[in-house]
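One-letter residues, chain by chain:
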Protein chains: 2
Amino acid sequence: MTETTKRPEKRVTVIDVARAAQVSPGTVSNAINGKRPVDSETRARIEKAIATLGYVPNMAARGMRTGRAGTIALFSSMPTAVAAGASKLGFMMEIAASAAQVALRRNVALVLVPPIAAPADALRNVPFDGALLVEPAEDDPFLDLLSARAVPVVGIGAAPRAGMPCIDLHYRATAKLLTEHLLSAGSRSFPLVIGTSARQYYREFEEMYCTILASAGLVPRVIRVDEAHGEEAGAAAVEARLAEDPALDGVLVPVDALATGVMAGLRAAGRNVPRDVRVVTRYDGLRARTETPPLTAVDLHLEEAAERGTLALLDMIEGAETPPVRLLPEPALVLRASSAPE
Amino acid sequence: MTETTKRPEKRVTVIDVARAAQVSPGTVSNAINGKRPVDSETRARIEKAIATLGYVPNMAARGMRTGRAGTIALFSSMPTAVAAGASKLGFMMEIAASAAQVALRRNVALVLVPPIAAPADALRNVPFDGALLVEPAEDDPFLDLLSARAVPVVGIGAAPRAGMPCIDLHYRATAKLLTEHLLSAGSRSFPLVIGTSARQYYREFEEMYCTILASAGLVPRVIRVDEAHGEEAGAAAVEARLAEDPALDGVLVPVDALATGVMAGLRAAGRNVPRDVRVVTRYDGLRARTETPPLTAVDLHLEEAAERGTLALLDMIEGAETPPVRLLPEPALVLRASSAPE
DNA sequence: TTGAAAGCGCTAACAA
DNA sequence: TTGTTAGCGCTTTCAA
């Protein structure tokens, strides 16, 4: 039984390449990674050996040495029902598309973590060097998971915990924009419809809305509906409200899935949008654009938010200090038929 | 200098946990992974030690032993210009959302790889156990990368190379559906507008379109435009065609970015859709839905395609044999105003 | 049910 | 510019 007969075709390793190229494994490594200069002739031999043997570096082993997974994770925690349906995770996916491209330019890949039942379990074997958290709730289950991993985290929206760097999505400015738009379009009696979960997003919207209405001499009215029930909850809420307030002439409903529900409720109640009632929402996604009539919404500059968040995260992973909050351009109104002025 | 004074806070490892729980590292591993039974009392000690020390397993080390990265990658290679713009990678992202959820249920995460300039370089340090390839071109740069990695691959659309398992997106049936729809809606002179790259998608569309038109006694006309030029190319193509054929009364333009361009071209030429010209496209994404008027498109069952593709891939990774082609429900027409019958 | 020990493949420190 | 060597943290035999 000679050496040449050895059967079990093992994985080709640096050692095999080194032997074939008559150099040491360290030199092979340096030829591949360019961390140290390698003589061009030596490099040629190594490259030839790599090609001949069909060597593919073992990422896991490399990761073990370097301490890098080569990936970052994007988490989105919105209640599934809100995210699902027509716009199917649209908000998250819009961020994901940009983040993935930016990260890849720095040789890091983006891992997608949509809302799931048992995150800790599902991610048992999934390595990542850092995380982007999209509009986390304050009791977000992902937060524990991430603090256990002890990796850098950047929030997109607002920081759920003090000290977490984040890309500010300008909740207050957005609320102001929409509330004042309804006012100037002529609405005088319009509730704010938001979800029940604990989110800074809701809190700041509510605060801004109430302040503006009060100073305009109007009565604010906040309706909370369970996002988990999606569109139907939105429809039911607006129908109930119409019964109490037949003079209702607008609805500010930032969550797009609820907005679609509100539209259905108004249709069912025989109200015309925008003639009788104006409706505005926040995220300018598929739902807002394909509603009949299409909904006035807000350009949040999500693409830019994703890019900055990703770059900040990559910097943190590489050990850089990061300013806690990165600024975005101000949100801009996207005017559509649902809130045409009188 | 006592043991308690050791300063450099090192990572907590199985060894530390084992010491604290007074067991061997192997037992800690088994307690965590449940591969071997562990006495419940012992397990309790280990769990306590893990909690106390804040132990987090090192995924890279685990991956090195098990040979699993814990991720799969989703590649999409469509020319950027087509994918970008309003519907920003919509097709890929729709698949991604479903695939990510299905994969996570099997404790595997999805890595997103949108079209990029230097894929081999960008993915240098990114480990994955398998790949989904969305509508690959025949000379797709990702194919080399994947064969170098020697991981299982599943195509979504059609297999670019013989032997690759794939989820069939029914190109022929889709082409038939759209062509016959235009015919039965009353169109008699309608070109097929497709891209210039080498894709099975285009080839099968062309073939089916030509066959049907010929057997209806009509003259097929195929217009190829460079997808990289996006909407403008579509607009220019249809305007040129109108000059040659003023009787043009329909356009079959499967690529949605080109369809948007065709619509713009028709508008510029003063043609009304659908009164003068009917337009139909394939992917029922943001573009089709928000065009004015909205475009007739096809329900490709992308969600189901993504799910089946992902499951097939995971099975392959686990060593199962996979039938080369998985069947999907037949594509279904989504009728919209752009092709209303006479 | 548990322990001891080998070693996965790579990179980085040190030496030459 | 290159070689030598140690060891990252884990799982998995084999033995008890």
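Right above here is the structure, for reference.
Reference entry: report on the structure contained in this document. (Residues numbered from 1 in each chain as written. Chains lettered and ligands numbered in written order. Predicted model: local features only at pLDDT ≥ 70, side-chain atom pairs only at ≥ 80, totals over all residues. Heavy atoms only, no water.)

**Re the overall build of chain A**
Then comes step 1: The helix and strand tally for chain A stands at 14 helices and 12 strands.
Then comes step 2: Radius of gyration (C-alpha) of chain A: 27 Å, far over the 20 Å computed for a compact globule of 342 residues.
Then comes step 3: Counting only C-alpha atoms and orienting by the principal axes, one finds that chain A spans roughly 95 × 40 × 35 Å.
Then comes step 4: For chain A, with 342 residues in total, the buried portion stands at 54%.
Then comes step 5: Looking at chain A alone, contacts between residues at least 24 apart form 71% of all its contacts between residues at least 6 apart.
Then comes step 6: Working note: accessible area of chain A is about 14,900 Å², and carbon and sulfur atoms make up 53% of it. (Helix = DSSP H or I, 4+ residues; strand = E, 2+ residues; numbered from the N terminus. Rg over C-alpha atoms; globule rule 2.2 N^0.38 Å. Buried < 20%, exposed > 50% of the residue type's maximum accessible area, 1.4 Å probe, protein only. Contact = heavy atoms within 4.5 Å. Areas by Shrake-Rupley, 256 points an atom, 1.4 Å probe, with all protein chains shown as cover.)

**What about the protein's contact with DNA strand C?**
Then comes step 1: DNA strand C sits among 26 residues. The nearest are Val14 and Tyr55 of chain A together with Ser24, Thr42 and Arg65 of chain B.
Then comes step 2: Those atoms of DNA strand C that come within 4 Å of the protein belong to sugar or phosphate at a rate of 59%.
Then comes step 3: For DNA strand C, a phosphate oxygen lies 2.4 Å from a polar atom in the side chain of threonine 42 of chain B.
Then comes step 4: Looking at the surface near DNA strand C, the elements that each hand over two or more residues are helix H2 (25-33) and helix H4 (59-66) of chain A together with helix H4 (59-66) of chain B.
Then comes step 5: When residues of the surface near DNA strand C are assigned to their parent elements, the largest contribution, four residues, is made by H2 of chain A.
Then comes step 6: Within the surface near DNA strand C, the residues separate by chemical class into nine nonpolar, nine polar and eight charged. (Near = heavy atom within 4 Å. Polar contact = N/O pair within 3.5 Å; in protein donor to acceptor, adjacent residues only side chain to side chain. Nonpolar A, V, L, I, M, F, W, Y, C, P; charged D, E, K, R; others polar.)

**Here we look at the environment of alanine 131 of chain B**
All names here are of chain B.
Then comes step 1: By the element assignment, alanine 131 lies in strand E3 (residues 131-134).
Then comes step 2: Here the alpha-carbon distance between alanine 131 and alanine 305, two residues 174 residues apart in the chain, equals 14 Å.
Then comes step 3: Those residues in contact with alanine 131, other than ones at most four positions away along the chain, are Ala73, Phe75, Leu146, Pro152, Val153, Val154 and Leu313.

**Thoughts on H2 of chain A**
All names here are of chain A.
Then comes step 1: All of the buried residues in H2 are Val28, Asn30 and Ala31. Down the axis of H2, the smallest arc covering the buried residues is 165°, so these residues share one side.
Then comes step 2: Considering only its buried residues, H2 is in contact with helix H1 (14-21) and helix H3 (40-53).
Then comes step 3: At the C-terminal side of H2, glycine 34 shows a positive phi close to 65°. (Arc of directions from axis to C-beta.)

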